[in-house]
Amino acid sequence: MNCSPPSHRFEPLPSLGRTGQRALLTGFLVFAATFLGTARAQQPASSEKAPSGNWVEAQINSPWKYSMRFPGRGWFAPEFDDSAWKTAPGGFGTTETPGARVWTTWGGNQIWLRKWVELPQVYDDLAFLLHHDEDVEVYLNGKLALQLEGWTTQYEVIPLDAQVRQLLHPGRNLLAVHCRQTTGGQFIDVHLVRASQIPELPAPPPPTAPHRSDLITPWGEEVDATNAWTEYPRPQMRRSQWRSLNGWWQAAVAEKGATAPPTEMPLKILVPFCLESRLGGVWRLLSPEESLWYRRSFELDAPPSDRLLLHFDAVDYQMQAWINGKLVGEHTGGFDPFTFDITEAVQPGQNELVVRVLDATAETQLRGKQHLEPHGIWYTRVSGIWQSVWLEEVPQRYIEDVTIGTSIAPPTITVAVDVAGQDSSGTIVEVAAVEGESELASGKGPAGEPIALEIPHATLWTPDNPRLYDLRIRIKDKNGELLDEVASYAGIREVGRMRDAAGHWRFTLNGEPIFHWGPLDQGWWPDGLLTPPSDEAMQWEIQWLKDAGFNMIRKHIKVEPRRYYYHCDRVGMLVWQDQVSASKNPKWTRFDPHPEDAPWTDEEHAQYMLEFERMIDNLENHPSIVVWTPFNEAWGQHRTMEVGRWTMQRDPSRLVNIASGGNFWPVGHIADWHQYPHPDFPFDPQRFADYIKVVGEFGGHGWPVEGHLWDPNRRNWGYGSLPQSIEEYHQRITESLRRLQELKQQGIAAGVYTQTTDVEGEINGLMTYDRKVIKIPAKQLRSLSRPLLE
């Protein structure tokens, strides 16, 4: 929670009031202009360095005492007790601030600093070397020596006037600083130097540890190596013969160019949680100039009689895998599952699995909300394995993939099966829709060809009645011998759009209009980061949203484990699925009639499309997913018309939201506008006449809950000013939903409220980041939103 100090009068310089202080500052700058040739001199790239080991170097390298909460009156006085303050090197701020050299992160509204400086003598050319963003006051031995408003974008030199030098004496002197911050970047660093010998400030080392928050979810508190994601990872193609490799692995960090695993792997990491996460047990950042190595062993009683597959459900970002020293595969892409056939590499007894990972988290790499320097809406990076790793035994000829489609007139499930392994010629596929021991419908045909099952008296899948039909899928050889069998399911539904009586486009499900009402759901967790702490945690959150009256979730810039979508299928929750974004952006033109695209190369675009196709291929069987969203707010937006047309052709069974809140191009089915805090839409009857109009983000009302903040010492924020009470917070949500109801009458077909939970510095969730405090009861929220769905 942000804390502001009580108003108090700063002690002025001797015989000087506020006006005199400003006049004195003017004198400083005139002196600087005479002495250095500029009113406010930038620190030169090269200058006469102070002798090694002198008092300036000692001061620069010494840490500060600091507090991010008002420490009390007289905090700048030499006799003030700062023993309870924290200690860290300066400067303090956020790395995105221009010209900042951040040694210690400061993300709050205010900071107070104290440091003792040893002066051999009071030199005539003493000066402040400082960079401030924003307002700063500097005290020397308890007296106000300098006060500046606004901000700088670089270090500047301000010589000390003779009157200010009188505040100093040979020996120990107290340098105390207070900096205020209101918006944008922030930074403070102050040094006492000689203007004739401007020192070269040391650059901060790259960070090696993420922020270590105390937050942990109820499910995270229960995680250990015996229960870390033990559920079968692929609900739509289930087999009985499988083995989880989740649990404790050895790990090590090496140089990026290392091509052989380190001899020693001293780290111990709990897979499937990433290197940076609390649940992973390491809590370390991976630099783009480093490689991450994993090692574990597994035992086989005998050589596999059939095929042995090694599955990785997600590894961020580039990886290679070896079994017993033999390279078995490599993969690029951080959000899609992939498989290696390791049959020829394994042996009876112990087998060693080694994995190497590189993760740049930059430019056109698809990474979503991850950032090397977390701030604002950008979060902690995630490196390496972050979803389940598992083994699966399959026959020599086996079912490799299943594609499921449905239609409602008549109610039909269509299944196509891809077969891998030995020569699949003559393979027969048999599909049955079953209920218990009874077959509702069945069919057969060759591999790769769609097999249609017409379901008599079928119940269509809807959010109110999410009926799923179990499927039994078998392949047999030409003699009728069973080769392989998997279990799956399907929900029969049809997605579309129609015009209402006023001519506005509306979403339809099974031919009936439906208003889409959902939260922006980013899928981040304080203990697992991108990895939910457990399957149970995902189920709980989806069910809470359902109980709160939502019928849709916008899954934002992330692809979840496949079990997430299974639970949405089972519970009856529509999903808008975003493609994961990158950061090579065009200008954000939004609904400007002259939109822009970023200039991606052919190679960069090819990788984007490869990962986009993989996402659709892995998720297209889920009835809950009804909308694909290739871009968000111009993040990595490029070749928009090409991407939109491809998506519509690739999956004509769903609707396409080409750029949620981004640069609108005339492709797809949806025009999506973001407006904070209250919803709105820039209606244009002609331009958007052929599109469903939605408010793809709004709300974001913030409410901080003490004891449940990711970092209480940073600026924790929501959209708009923070409310003064929980009642006001509820009133703001009520007002946003009232306005959304008005927009619905004007033609808006969906609303997406930001957001399900707090995430790191964002405190605009309906619940806290650790999921332990609900800010608005589900029953109350359901009542408020009921008119939207009537």
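Residues numbered from 1 in each chain as written. Predicted model: local features only at pLDDT ≥ 70, side-chain atom pairs only at ≥ 80, totals over all residues. Heavy atoms only, no water.

On to the overall build of the protein chain. If you tally the helices and strands in the protein chain, you get nine helices and 46 strands. For 790 residues, the compact-globule estimate of 2.2 N^0.38 gives 28 Å, and the protein chain sits close to it at 30 Å. In terms of its C-alpha atoms, the protein chain occupies a principal-axis envelope of roughly 100 × 70 × 45 Å. Restricting the contact set of the protein chain to residue pairs at least 6 apart, pairs at least 24 apart contribute 72%. Accessible surface, the protein chain as shown: approximately 30800 Å² in total, 49% of it carbon and sulfur. Averaged over its 74 positive side-chain charges, the protein chain has a centre that lies 4 Å from the centre of its 101 negative ones. (Helix = DSSP H or I, 4+ residues; strand = E, 2+ residues; numbered from the N terminus. Rg over C-alpha atoms; globule rule 2.2 N^0.38 Å. Contact = heavy atoms within 4.5 Å. Areas by Shrake-Rupley, 256 points an atom, 1.4 Å probe, with all protein chains shown as cover. Lys, Arg positive; Asp, Glu negative; His and termini not counted. Charge placed at Lys NZ, Arg CZ, Asp CG, Glu CD.)

Let us look at the packing of helix H6 (residues 602-619) against helix H7 (residues 640-650). One way to put it is that H6 packs onto H7 with a least axis distance of 12 Å and a crossing angle of 25°. Classified by the angle their axes make, H6 and H7 are roughly parallel. Every pair of crossing elements has a handedness; the one defined by H6 and H7 is right-handed. Counting all contacts with H6, which are made through His605, Tyr608, Met609, Phe612, Glu613, Ile616 and Asp617, the residues of H7 involved are Glu642, Val643, Trp646, Thr647 and Arg650. For the contact of H6 with H7, a count of residues per class yields six nonpolar, two polar and four charged. (Axes fitted to C-alpha atoms, helices over the stretch in contact; angles between N-to-C directions. Parallel < 35°, antiparallel > 145°, perpendicular 65-115°, else oblique. Left-handed = near helix turned anticlockwise from the far one by under 90°. Nonpolar A, V, L, I, M, F, W, Y, C, P; charged D, E, K, R; others polar.)

On to the pairing of strand E8 (residues 136-140). The side chains of a regular strand alternate between the sheet's two faces. Most of E8 is tucked away: five of the five residues are buried. Because side chains alternate across E8, one face comprises the buried residues Val136, Val138 and Leu140, and the other comprises Glu137 and Tyr139, equally buried. Bridge analysis of E8 against strand E9 (residues 143-148) gives five bridges, and the strand direction is antiparallel. Opposite Val138, over in E9, you have Leu146 as the bridge partner. Where E8 and strand E11 (residues 171-180) come together, five bridges link them in antiparallel fashion. In the sheet register, Val138 faces E11, and the bridge partner there is Val177. (Buried < 20%, exposed > 50% of the residue type's maximum accessible area, 1.4 Å probe, protein only. Pairing = 2+ DSSP bridges.)

A word on the sheet that holds E11. Pairing within the open sheet is antiparallel, and its six strands lie in the order E3-E2-E6-E11-E8-E9. In this open sheet, the two edge strands, each paired with only one partner strand, are strand E3 (86-88) and E9. Between one strand axis and the next, the sheet turns through 25° on average, direction left out of account.

Here we take up the environment of Gly511. For Gly511, the position within the fold is in the loop between strand E35 (505-509) and strand E36 (512-513). In this structure, the C-alpha to C-alpha distance between Gly511 and Leu309, residues 202 residues apart in sequence, is 42 Å.

On to the nonpolar core. By size, the foremost hydrophobic cluster in this structure holds 80 residues, and its most contacted members are Trp517 and Leu766. The leading source of residues in this core is H6, at six residues. Among the nonpolar cores identified, the runner-up in size contains 44 residues, and Ala88, Val136, Ile158 and Phe187 belong to it. (Core = buried A, V, L, I, M, F, W, Y, C linked by side-chain atoms within 4.5 Å.)

Where burial is concerned, most of E35 is hidden: five out of the five residues are buried. Side chains Trp505, Phe507 and Leu509 project from E35 onto one buried face, and the interleaved Arg506 and Thr508 project onto a second face that is buried too. Looking at chain direction, strand E34 (residues 495-499) and E35 are connected through five bridges and run antiparallel. Residue pairing across strands places Val495 opposite Leu509, the latter belonging to E35. Pairing between E35 and E36: two bridges, direction antiparallel.

So, about H7. Within H7, burial applies to Thr640, Met641, Val643, Gly644 and Thr647. Projected down its long axis, H7 carries its buried residues within an arc of 165°, all on one side. Away from its buried face by more than 90 degrees, H7 exposes Arg645 and Gln649. On the buried face of H7, the contacting elements are H6, strand E40 (625-629), strand E41 (631-632) and strand E42 (655-656). (Arc of directions from axis to C-beta.)

For the rest of this paragraph, the subject is the packing of helix H8 (residues 726-745) against helix H9 (residues 778-789). Look at H8 against H9: their axes get within 9 Å of each other, and the N-to-C directions meet at 10°. Classified by the angle between their axes, H8 and H9 sit roughly parallel to one another. Contacts from His730, Ile733, Thr734, Leu737, Leu740, Gln741 and Lys744 of H8 reach H9 at Gln780, Leu781, Leu784, Ser785, Pro787, Leu788 and Leu789.

Summed over all chains, the structure comprises 39 salt bridges. Note that Arg562 and Asp313 form a salt bridge whose closest N and O atoms lie 3.1 Å from each other. In this pair, Arg562 is assigned in helix H5 (residues 562-571) and Asp313 in the loop between strand E17 (307-312) and strand E18 (315-316), connecting sequence segments 249 residues apart. In this pair, the class of Arg562 matches that of Asp313, namely buried. In this structure, Glu560 engages Lys558 in a salt bridge whose closest nitrogen and oxygen atoms are separated by 2.9 Å. Assigned by exposure class, Glu560 and Lys558 land together as buried. In the salt-bridge network here, residues are joined through shared partners; they are Arg234, Arg239, Glu392 and Asp484. (Salt bridge = Lys/Arg side-chain N within 4 Å of Asp/Glu carboxyl O.)

We now examine the packing of aromatic side chains. Across all of its chains, the model carries 42 aromatic pairs by this definition. Geometrically, the ring pair formed by Trp75 and Phe76 is edge-to-face, given 5.5 Å between the ring centres and 80° between the ring planes. Phe76 shares its class with Trp75; the two are buried. For the ring pair Tyr155 and Phe187, a centre distance of 6.2 Å and an interplane angle of 80° mean the geometry is edge-to-face. (Phe/Tyr/Trp six-rings, centres within 6.5 Å; stacked < 30°, edge-to-face > 60°.)

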